[in-house]
Amino acid sequence: MEKITGAEALMRSLEREGVEVLFGYPGGAIMPTYDALYDHRDRMHHILVRHEQGAVHAAQGYARVSGRVGCAMVTSGPGAMNTITGLADAMIDSTPVVIVCGQVGAAFLGTDAFQEVDVIGVTQPISKWAYQIRRPEDIAWAVSRAFYIARSGRPGPVVLDFAKNAQVGMVDYEPVTVDFIRSYKPEPAIDEKVIARAAEMINASEKPFMLVGQGVELGNAREELTALIEKAQIPVGTTMLGLSALATDHPLNKGMLGMHGNLGPNVMTNRCDLLIAVGMRFDDRVTGNIDTYARQAKIIHFDIDPSEIDKNVKTDLAVPGNCKDTLREVGKLVRNARHDEWIAGFAPYEKEEYAAVIDKAIHPKEGDLLMGEVIRKVSEATNNSAVLVTDVGQNQLFACRYFKFTQGKSVVTSGGAGTMGFGLPAAIGATFGAPDRTVCLFVGDGGLQMTIQELGTIMEQRAPVKIILLNNNYLGNVRQWQYMFFNKRYSFTPMLNPDYEKIGAAYGIPARTVVRRGDLDDAIREMLATEGAFLLQCAVKEEDNVLPMTPPGADVDNMLMEIN
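What you are looking at is a predicted structure, and each value in this text was computed from that prediction instead of being measured.

Student: Describe the overall build of the protein chain, with residues and values.
Tutor: Secondary structure summary: the protein chain contains 24 helices and 20 strands in total. Taking 564 residues into account, the globule formula puts the C-alpha radius of gyration at 24 Å, and the protein chain, at 24 Å, falls close to it. Projecting the C-alpha coordinates of the protein chain onto the three principal axes gives extents of approximately 70 × 60 × 40 Å. Counted over contacts in the protein chain with a minimum sequence separation of 6, partners at least 24 positions apart contribute 77%. A total accessible area of about 22,500 Å² is found for the protein chain, and carbon and sulfur atoms account for 50% of it.

Student: Let's hear about empty space enclosed by the protein: which residues, and what values?
Tutor: As enumerated under the stated definition, the model contains one cavity of 30 Å³ or more in all. Taken as a whole, the largest cavity spans an internal volume of roughly 40 Å³. Looking at the lining of the largest cavity, the elements with two or more residues in it are α1 (6–16) and α7 (139–151). Per-element tally for the lining of the largest cavity: the top contributor is α7, with three residues.

Student: Help me get a handle on helix α16 (residues 347–362), residues and values and all.
Tutor: A rise of 1.5 Å per residue sets the reference length of α16, with its 16 residues, at 22 Å; its end C-alpha atoms lie only 19 Å apart and thus fall more than 12% short of the reference. The complete set of buried residues in α16 reads Glu353, Val357, Ile358, Ala361 and Ile362. Those residues of α16 hidden inside the fold are in contact with α12 (263–269), α17 (371–381) and α18 (394–402).

Student: Please set out the environment of Leu22 residue by residue, giving values where relevant.
Tutor: As for its placement among the helices and strands, Leu22 is situated in strand β2 (residues 21–24). Between the C-alpha atom of Leu22 and that of Leu317, which follows or precedes it by 295 residues, the distance is 42 Å. With residues near it in sequence (within four places) discarded, Leu22 still touches Leu37, Met44, His45, His46, Ile47, Cys71, Ala72 and Met73.

Student: Report on the side chain of Asn384, specifying residues and quantitative values.
Tutor: Here Asn384 is to be found in the loop between α17 and β15 (387–390). For Asn384, a relative accessible area of 14% puts it in the buried group. Looking at Asn384, its side chain comes within polar contact range of the side chain of Ser379, at 2.7 Å.

Student: Break down the environment of Tyr184 for me, with residues and values.
Tutor: Of note, Tyr184 is situated in the loop between β8 (170–173) and α9 (192–204). As a C-alpha pair, Tyr184 and Thr95 span 89 residues in sequence and 18 Å in three-dimensional space. A distance of 2.8 Å separates a polar atom in the side chain of Tyr184 from a polar atom in the side chain of Lys128.

Student: Hey, could you go over the pattern of salt bridges for me, with residue numbers and the actual values?
Tutor: Counted according to the given criterion, the structure contains 29 salt bridges. Ionic pairing is found between Lys311 and Glu308, a salt bridge with its closest N-O pair at 3.0 Å. Its relative accessible area of 45% is what places Lys311 among the partly exposed residues. Because the salt bridges share partners, they merge into one network encompassing Arg154, Asp305, Glu308 and Lys311.

Student: Which residues make up the sheet that holds strand β6 (residues 129–133), and what are the values?
Tutor: The six strands are arranged β3-β2-β4-β5-β7-β6 in an open sheet whose pairing can be described as parallel. With one partner strand each, in any of the chains shown, β3 (45–48) and β6 form the two edges of the open sheet. Neighbour-to-neighbour, the strand axes of this sheet turn through a mean angle of 20°, independent of strand direction. Direction of pairing for β6 relative to strand β7 (residues 157–163): parallel, over a ladder of five bridges. Bridged to Ile133 within β7 is Phe162.

Student: Could you give an account of the layout of surface pockets, naming the residues involved and the relevant values?
Tutor: Rolled over the atoms, a probe sized like a water molecule indicates the empty space that remains. Approximately 560 Å³ is the volume attributed to the second largest pocket. Lining the second largest pocket we find 24 residues, and of these Thr248, Gly255, Asn262, Arg376 and Arg401 sit closest to its centre. Secondary structure elements with two or more residues in the lining of the second largest pocket: β11 (253–256), α16 and α18. The dominant element in the lining of the second largest pocket, judged by the number of residues it contributes, is α16, at six residues. Each residue belonging to the lining of the second largest pocket can be placed in one class, and the counts come to ten nonpolar, seven polar and seven charged.

Student: Outline the packing of aromatic side chains, supporting the account with residue identities and numerical values.
Tutor: Evaluation of the coordinates by the stated rule reveals 14 aromatic pairs. Relative to Phe432, the ring of Phe23 lies with its centre 6.3 Å away and its plane at 75°, an arrangement referred to as edge-to-face. Highlighted residues: Phe23 in strand β2 and Phe432 in helix α19 (residues 423–433), separated in sequence by 409 residues. The class for Phe432 is buried, based on a relative accessible area of 18%. Plain terms: the ring middles of Phe403 and Phe405 are 5.6 Å apart, the flat faces sit at 55° to each other, and that makes the pair tilted. Taken as a pair, Phe403 and Phe405 share a single burial class, namely buried. Members of the aromatic cluster, joined through ring pairs, are Phe23, Tyr62 and Phe432. Above the face of the Trp129 ring, Arg145 is positioned so that its terminal group lies 4.7 Å from the ring centre. Its end group placed over the ring of Tyr474, Arg479 keeps NZ or CZ at 5.8 Å from the ring centre.

Student: Describe the packing of α9 against helix α14 (residues 323–333), and please don't skip the residues or the numbers.
Tutor: At a minimum axis distance of 9 Å, the contact between α9 and α14 shows a crossing angle of 55°. Regarding the angle of α9 to α14, the classification is oblique. Crossing of α9 against α14: the hand is right-handed. Residues Ile195, Ala196, Ala198, Ala199, Ile202 and Asn203 of α9 touch α14, and the partners they reach there are Thr326, Glu329, Val330 and Leu333.

Student: Please provide a residue-by-residue account of the state of the cysteines, values included.
Tutor: In a disulfide, the sulfur atoms of two cysteines are covalently bonded to one another. For the structure shown, the criterion picks out zero disulfides. Cys400 takes part in no disulfide bond, and the closest cysteine sulfur, belonging to Cys440, lies 13 Å away.

Student: Residues and numbers for the pairing of β15, please.
Tutor: Regular strands place their side chains on alternate faces of the sheet. Alternating residues of β15 divide into Val387 and Val389 and Leu388 and Thr390, and every residue in both groups is buried. Where β15 lies against strand β17 (residues 439–444), four bridges are found, and the strand directions are parallel. Its bridge partner lying in β17, Val387 is registered against Val439. Both β15 and strand β16 (residues 411–412) contribute to a ladder of two bridges, which runs parallel.

The rules behind the values
- Throughout, a residue's number is its position along its own chain's written sequence, starting from 1.
- Per-residue local features are limited, in this predicted model, to residues with pLDDT of at least 70; the limit for side-chain atom pairs, both in listing and counting, is 80 or more; totals at the level of whole chains, interfaces and linings are taken over all residues.
- Derived side-chain values reflect all non-hydrogen atoms in the structure, with water molecules and hydrogen atoms excluded from consideration.
- Secondary structure elements follow DSSP: runs of H or I of four or more residues count as helices, runs of E of two or more count as strands, with numbering from the N terminus.
- For the radius of gyration, the atom set is restricted to C-alpha positions; the globular benchmark scales as 2.2 Å times the number of residues to the power 0.38.
- Whether two residues touch is decided by their heavy atoms; if any such pair falls within 4.5 Å, the residues are in contact.
- To measure how exposed things are, a 1.4 Å probe is used in the Shrake-Rupley method; for residues, cover is taken only from the protein chains shown.
- Cavities and pockets are defined on a 1 Å grid built over the protein atoms alone: a cavity is a set of grid points where a 1.4 Å probe fits but cannot escape, while a pocket is an open set with protein on both sides within 12 Å along at least five of seven lines, and lining residues are those with an atom within 4 Å of any such point.
- Grid points are joined across faces, edges and corners, and a volume is the space filled by probe spheres set on the points.
- Expected span of a helix, by definition, is 1.5 Å for each gap between consecutive residues, and there is one gap fewer than residues.
- When a residue's accessible area, from a 1.4 Å probe over protein chains only, is under 20% of the maximum for its type it is buried; when over 50% it is exposed; and in between it is partly exposed.
- Distance and chemistry together define a polar contact, namely a pair of N or O atoms within 3.5 Å, with one atom able to donate a hydrogen and the other to accept it when in protein, and with adjacent residues in sequence counting only for side-chain atoms on both sides.
- Think of a salt bridge as a Lys or Arg side-chain nitrogen and an Asp or Glu carboxyl oxygen that are within 4 Å of each other.
- Note on pairing: DSSP must find at least two bridges between two strands before they are called paired.
- Axes here refer to lines fitted to C-alpha atoms; in helices the fit is confined to the stretch in contact. Angles between the N-to-C directions go from 0 to 180 degrees.
- Ten residue types, Ala, Val, Leu, Ile, Met, Phe, Trp, Tyr, Cys and Pro, are classed as nonpolar, four, Asp, Glu, Lys and Arg, as charged, and the remainder, Gly among them, as polar.
- Aromatic pairs are defined between Phe, Tyr and Trp rings, using the six-membered ring for Trp, whenever the two ring centres lie within 6.5 Å; interplanar angles under 30 degrees are classed as stacked, those over 60 as edge-to-face, and all others as tilted.
- A ring is scored as having a charge over it whenever the NZ atom of a lysine or the CZ atom of an arginine sits within 6 Å of its centre and within 35 degrees of its normal.
- Throughout, the term roughly parallel applies to angles under 35 degrees, roughly antiparallel to angles over 145, roughly perpendicular to angles from 65 to 115, and oblique to all others.
- Two helices crossing with the near one rotated counterclockwise from the far one by less than a right angle form a left-handed crossing, whereas a clockwise rotation gives a right-handed crossing.
- Throughout, disulfides are identified as pairs of cysteine sulfur atoms within 2.5 Å of each other.

This is the structure we're talking about:
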C-alpha cells in the first residue's frame, strides 16, 4: 500500500473504473482534487464546460451513446446545485452518471460555511445513491460502489459529496471492488414458469403488439428483440427513448407511440388482444387517458425494475429481469407465427397519416421551410446512421418523428423531464462517447439560448457537433398549446433573437443561414463536409404545428390530424 492524498486516491479510483473522459468545472472546495487531476490529464481527458448543468448533460450524452458511465466533477454550494437539473433528468431517463461534488471540510458541516449546501439532502430523491465522503479511507470503496450502483440494474445517477478534509488527508491506498451489496438486487432472478407463461400468451395471441422502450437499448437487447418479433411476427411501436432499438425501416416497426407519435401504433394499442411492454414505464404521454388504455388486451410487462410493474397500468403477467435474458428465453419458446391480416391492419392508418400529415411535412410544395423537411433531409444525407441529439420542444418532436435510424444507441433526448437546454451540452458529450459517428443536434432558438455558453466548450474542445438550429422566433411547443388550448393568446412565447451567425463566428464555429428551400440541400452538404462543428440556422415557418396529436387527457387513439 502507498500513502497518498485522498484527492489522488479519487483519481486512481476513477481510472480503475475506466473513466477516460471527465466533464467538470473547478472551484474552491474541489480544488485539491483538480490539483491531483493535473497529473492525470494524459490518461483522463477533462472537458471544461461553461456551466455545471452542462457538465451533467454532457455526461448524459456520453453515457447514452457509449453505454458507459458518464462522469462529472464540480465544486460545492452553487456548483453542486447547478447539477440538480441534470441529476433529475438522468434519474427519470435511467442514465448512468456519477457526479463528484466538492464539499466543505467535515468539521464545518452544518455551520453554514462558505459555499456549504446539504448536497445529500437535496440529491437523495433524484439519485440512485448519494453518499458523503468524510474520510480518505472511504474513497476507494465509495467510488467502486458508486459506479456499481450507477451501471447495474436499472441505471441511474449517483452523487459523491467529497469533503475537503478527505481530499487533502493522507491514506494508505488500496483498490476496492464492489460487485455486491446485500440490500441491493439490481437484476431480479428469472422465473422459468413466468417465461413459459409469457410464451404461452404470445403463442395464443392473434393480434399481438409490442411496445419497446429504452430498456432494450440499456440492456443491449436489440438482437434478442429482433429475433423474437421476427419469429412470432409481432408488430412494434417504440417510445421516444426507444426509437433506435429497432431499425426505422424494419417491416415490423410501426412507428412511435404517444401524444405526437404515429397514428397506427396508437390506434392499434386499443385494438390488439395482447400488449407486450418491454423496458418502458407506461408514461402518461404514451398512454393518454389511462382509464381507456388497452382495456381489451391482456398485458405482459418485461422490466428490470419491479417498481415499474403495475405502477401505471395493471398487467396480467410481469416478467422481471434484464430484457436481454428474458427476451432470449421467451424467444426460445414462442412458435413461428404469421399475423398477416393483423399486421396489414396498420397500413390504412399509415396511409391516412402520410397523406394528412407526413407528406406535407417532408415534401412541402411551397411556403416557408418546415422543420420536418429539414430533419428528414439531414437524416438522409447521413444515410440515416447519425446520432440524433435534440433539445426539448417542437424541435424534439419533429426530429423524433422524421429522423431515421439504422443503428442502436442513436437517440439522445430528454424524455421524462423534458429539459430545455439539454441538447447542446448532451451533443458535446455524445461526440466524446461516439467519436467515430456524426452527431446531429436539432435545437430551437429557445433551448439553444438556455445553455448557449457551451459553444465555448465546443470551441475549446473542437467537438464536431453539427448544430441544426430550427429558428421560428417562438417558444414553439408552448405556442402550439396556446394556439390549441388558450385561444391563441401567445403570452410571452414570441422571441427576439440575436444574430446566431455572428455568435457562431465569435466562437470560431462556421455558420450558414438558410431561408429559401432551394438552398437547403447545398447547406446540408456544406455542413456535413466541414471538419468539426457547424451551425446551420434554418429559418422555419413560425406557426408550424406538430401533428398528429393526442390532446392531453384524451384516449390514446383519439389523434388530431389537423388543427383549426
